[in-house]
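Listed below are the residues making up each chain.
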Amino acid sequence: MTDNKVLSGIVEIGRGMATVGKHLFRPPVTLEYPEVMPELSKRFHGRLCLLTKSSGEDLCIGCQACARVCPCGDLIQIEMHRDDKKQPVIDRFTIDIGRCIFCGNCTEVCPVDCIKMLNDFELADYSREALVLDKSGLSLSGEESDKYRKEHGLEPHVE
Amino acid sequence: MSTTANFPTTSQGVFLEKDIDTNDMVVNIGPQHPSTHGVLRLITTLDGELVKEIEPVIGYLHRSKEKMAESRSLFQYQPTIDRVEYLSSFFDHYAFVAALEKIADLHVPKRVQYIRMITMELNRITSHLLWFGTYLLDLGATSPMFYAFREREKILSLFEDLTGARMMYNYYRFGGVVADMPEGWLDKVRAFLDEAPKRFDEYEAIVSKNPIFLDRTMGIGIIQPEVAIQYGVTGPTLRASGVNLDQRKANPYCCYDEVEFDVPLGTKGDCYDRFVVRMQEMRESLKIIRQAVDNMPGGDTADLNKRRESGDETANDVELQTYGKKINLITYKPPKGEAMVTVESPRGFLGCYMITDGTPKAYRIKWRGASFSNLSILPELMRGRLFPDLMSIFGSIDVILPEVDR
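So, how was this worked out
- Residues numbered from 1 in each chain as written.
- Chains lettered and ligands numbered in written order.
- Predicted model: local features only at pLDDT ≥ 70, side-chain atom pairs only at ≥ 80, totals over all residues.
- Helix = DSSP H or I, 4+ residues; strand = E, 2+ residues; numbered from the N terminus.
- Buried ≥ 20, exposed ≤ 12 C-beta atoms within 10 Å, placed from the backbone.
- Contact = placed C-beta atoms within 7 Å.
- Rg over C-alpha atoms; globule rule 2.2 N^0.38 Å.
- Nonpolar A, V, L, I, M, F, W, Y, C, P; charged D, E, K, R; others polar.
- Pairing = 2+ DSSP bridges.
- Axes fitted to C-alpha atoms, helices over the stretch in contact; angles between N-to-C directions.
- Domains from an automatic or database assignment.
- Parallel < 35°, antiparallel > 145°, perpendicular 65-115°, else oblique.
- Left-handed = near helix turned anticlockwise from the far one by under 90°.

Trainee: Explanation requested: the overall build of chain B in the structure shown.
Mentor: The helix and strand tally for chain B stands at 16 helices and 8 strands. Here the C-alpha coordinates of chain B stretch approximately 95 × 50 × 35 Å along the principal axes. Here chain B holds 406 residues, and 44% of them are scored as buried. Within chain B, contacts between residues at least 6 apart in sequence are counted, and of these 68% link residues at least 24 apart.

Okay, structure coming up:
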C-alpha cells in the first residue's frame, strides 16, 4: 500500500512537472511595458478631457450634469455666466484627477458629448496640485476633438 | 507550573511530556499577513501545535458602504458598489440594479439579460481562478498562480473591450446596460471558450493528484452539512458538504431558467471537495456562457447593425435594445417601495435589500455578503486542529475581506 502511494506520488509529481515544462516552448504572454504599450479598447476609462467645437471654442454649456452625478463630491467644479446674447461662457472648469475614480458617470450624462475619457493612464505626478486640471489642461484642440469624434463613432459637430 | 519535572539529558533526544504544565500561548495573525487576503486579524490561542481557540477580528476595511447610499442619489452611488466585492463586481451590480428594477417595475430586454448572464459567468471564472492561484500560493505552490492569472487576464481583456474597465466595471444600468457589445466581441468570447477547458485540464494535471496537495487538503476542515446550514454558509463551501442549494436553480433570476447546467456537489465537505467543486463550477460556467452566446437574441452586434441599416423593422424590437426604457439618470426618482434580491455570487448568496422613499436617494440599502457568514464558521473548524492547517482551511472557504467589512 505504501509502495503504491510512493509510486503514484512520483508519477503524479512527474506529470505535474511535465505540464509545467511544456511552458518552456510557448511564446511569452507578457509585454515589455514601458517599451511596448498595451492596446487599449476604445471604451477605456482613462483621463478625462473636454472636447471642443471644430473651431476650437468651448463645447461645454455649463449645465452641471457631470458635477451632479459624480460620486466623489466636489471633484468637478464649474463656474459660468451668460454673455449679452445669453450664450454660456465657462469661467472655470477644474477636475481633480487625483480623486477621480474613473467610473464614467459624467461621460454618460453629458448632453452635448463634451466630457469624455481618453486612453491616457499614466497620470502619476510629484504633487497633488499638479493633478488638479483646469480648462486649458483638459480641453482638446479642434482638430483633436474631430479626430476623437471620428474614432469613437460620435456625430461630427455642427454649428 | 510544575517545578519537579525530571528533564532527561539531551543525549536521549526527547523530553518527557508528563509532569510538565505549559501555559497557552496567544498569537496574533495579521492584521497584515499575506495569507489573509486582506486585512484580517486572527487572535489564536495555541496549546503547543494545537489551536484551542481562534477569534477573527474584523472591521479594518470598513468604508461605510451602506451609509454612503443615504447621502448619494442611486446613480451617484452605483460606481462605489464595485468596491464592495471587487473580485466579482458584476454580481454586486446585478443585485443592486435588479432590486431597483423590482421596485420600479422596469422592463429589461432579453438581449440585456443575456449580456448580463455572460458577464456574470465570466466573472465567476475570474474569481475562482484568482482563488485557485492564491490558495495554492498559500499552500506553497508558486507556479499555478501565474497560469491562473494568464487565463484571468484574457477574461479581463474581454471586460475591458466591453465596459472600458478591468475591475471596476460600472456597466449595468437600471433597465439596461451602458452600451451594446462591440462588434466581434462574441467571437472573442467563443475563442476563449474553446481554449479554456484545455487550460483547466492543465491545472488539474499539476495539482489535483499531487501527493503534497492531497496530504494538506484531504480530510482537513470537514464541514458537516447541518453545521454549515446553522452558520448560514452558502456557495461552493456549502455545496462541497453535499447540500444542493444554488440560487440559480432554487430561485432563478436573470435568464438562468433558460440554460442547462449542473450544480457540482461534494461528498465529504473537506478542503479537497471545496477545491473540486470550484474547479467543476468553472466548467459549468463555460457551459452556460456557450449556451448564452449561441442563443443571444439578435446575435452579434455587427449582424444587428447590418439588419438595422437595411431597414429591417424586426431589428428595432424592444427585446434587442440596450435599454428597456431610457430614464433620466440625473433626476430619476424611483417610486416608494422595498425589494430584496439575492444572487449566487462566487462565494455564496449576495443580497441587496433596498428601501426607497420617493426621493432620488435610497432610504436604506443593506448588503448581505456571503464572506461574512462563511468566515463565522472558521472558529468552529479550527478548534482542536493543528496550527499549520489554519491557512489550508482559511484559504479553502474563500473569504474576501472588503465584502466582510463593507
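Once the structure has been displayed, the description carries forward.
Trainee: What should I look at first to understand the overall build of chain A in this one?
Mentor: Within chain A, the regular secondary structure consists of 5 helices and 5 strands. Its helices and strands in sequence order give chain A the pattern α-β-α-β-β-α-β-β-α-α, from N to C terminus. Taking 15 Å as the expected radius of gyration for a compact globule of 159 residues, we find that chain A reaches 25 Å, considerably beyond that expectation. Taking the principal axes of its C-alpha atoms as reference, chain A extends roughly 95 × 30 × 30 Å.

Trainee: Would you take a moment to explain the interface of chain A and chain B for this structure?
Mentor: It is common to give the size of an interface as the accessible area lost on bringing the parts into contact. Taken together, the contact pairs 22 residues of chain A with 24 residues of chain B. Secondary-structure elements contributing two or more residues to the side of chain A that touches chain B are α1 (2–22), α2 (65–69) and α3 (105–109) of chain A. At 7 residues, α1 of chain A tops the list of elements feeding residues into the side of chain A that touches chain B. Its residues assigned to classes, the side of chain A that touches chain B shows 10 nonpolar, 7 polar and 5 charged.

Trainee: How do you make sense of the sheet that holds strand β1 (residues 25–29) of chain B when you look at a structure like this?
Mentor: Within a sheet, neighbouring strands are paired by backbone hydrogen bonds and run either parallel or antiparallel to one another. Residue and element names in this part refer to chain B. The strand order across the open sheet built from 3 strands is β1-β2-β3, with neighbouring strands paired in antiparallel fashion. The strands lining the two open edges of the sheet, one partner per strand, are β1 and β3 (50–57). The sheet shows a mean angle of 20° between the axes of neighbouring strands, taken without regard to direction. Pairing analysis gives 5 bridges linking β1 to strand β2 (residues 41–47), with the strands arranged antiparallel. Within β2, the position partnered with Val26 by the bridge is Thr45.

Trainee: Looking at this model, I keep getting lost on unusual backbone geometry. Mind explaining?
Mentor: The phi torsion of most residues other than glycine is negative, and most of the peptide bonds are trans. Residues and elements named next belong to chain A. Unlike most non-glycine residues, Lys86 shows phi in positive territory, near 65°. Counting through the fold element by element, Lys86 comes out in the loop between β2 (76–82) and β3 (88–96). The phi dihedral of Asp113 falls on the positive side, at around 50°, and the residue is not glycine. In this fold, Asp113 is placed in the loop between α3 and β4 (115–117).

Trainee: Could you clarify how one ought to interpret the domain arrangement of chain B in this entry?
Mentor: Residue and element names in this part refer to chain B. Per the domain assignment, the segments making up chain B are domain 1 (10–57) and domain 2 (65–405). Listed by partner, the interface residues are 12 residues for domain 1 and 17 residues for domain 2. With 5 residues, β3 is the largest single contributor of residues to the side of domain 1 that touches domain 2. Considered class by class, the residues forming the side of domain 1 that touches domain 2 number 7 nonpolar, 3 polar and 2 charged.

Trainee: So what exactly am I meant to see when it comes to the pairing of β2 of chain B here?
Mentor: If a strand is regular, its side chains alternate between the two faces of the sheet. All names here are of chain B. As paired elements, β2 and β3 share 7 bridges and run antiparallel to each other. Directly across from Arg41, in β3, lies its bridge partner Val57. Between the end of β2 and the start of β3, which pair antiparallel, lie 2 residues, with Gly48 showing a positive phi angle near 65°.

Trainee: Could you clarify how one ought to interpret the packing of helix α5 (residues 143–163) of chain B against helix α6 (residues 185–207) of chain B in this entry?
Mentor: For any two helices packed against each other, the geometry is given by the interaxial angle and the distance between the axes. All names here are of chain B. Where α5 meets α6, the closest approach of the two axes is 10 Å, and the angle between their N-to-C directions is 170°. By the angle class used here, α5 and α6 are roughly antiparallel. Crossing geometry of α5 relative to α6 is assigned as left-handed. Together, Pro144, Tyr147, Glu151, Lys154, Ile155, Leu158, Asp161 and Leu162 of α5 and Trp185, Lys188, Val189, Phe192, Ala196, Arg199, Glu202, Tyr203, Ile206 and Val207 of α6 make up the contact between the two elements. Partitioned by chemical class, the residues of the contact of α5 with α6 number 12 nonpolar, no polar and 6 charged.

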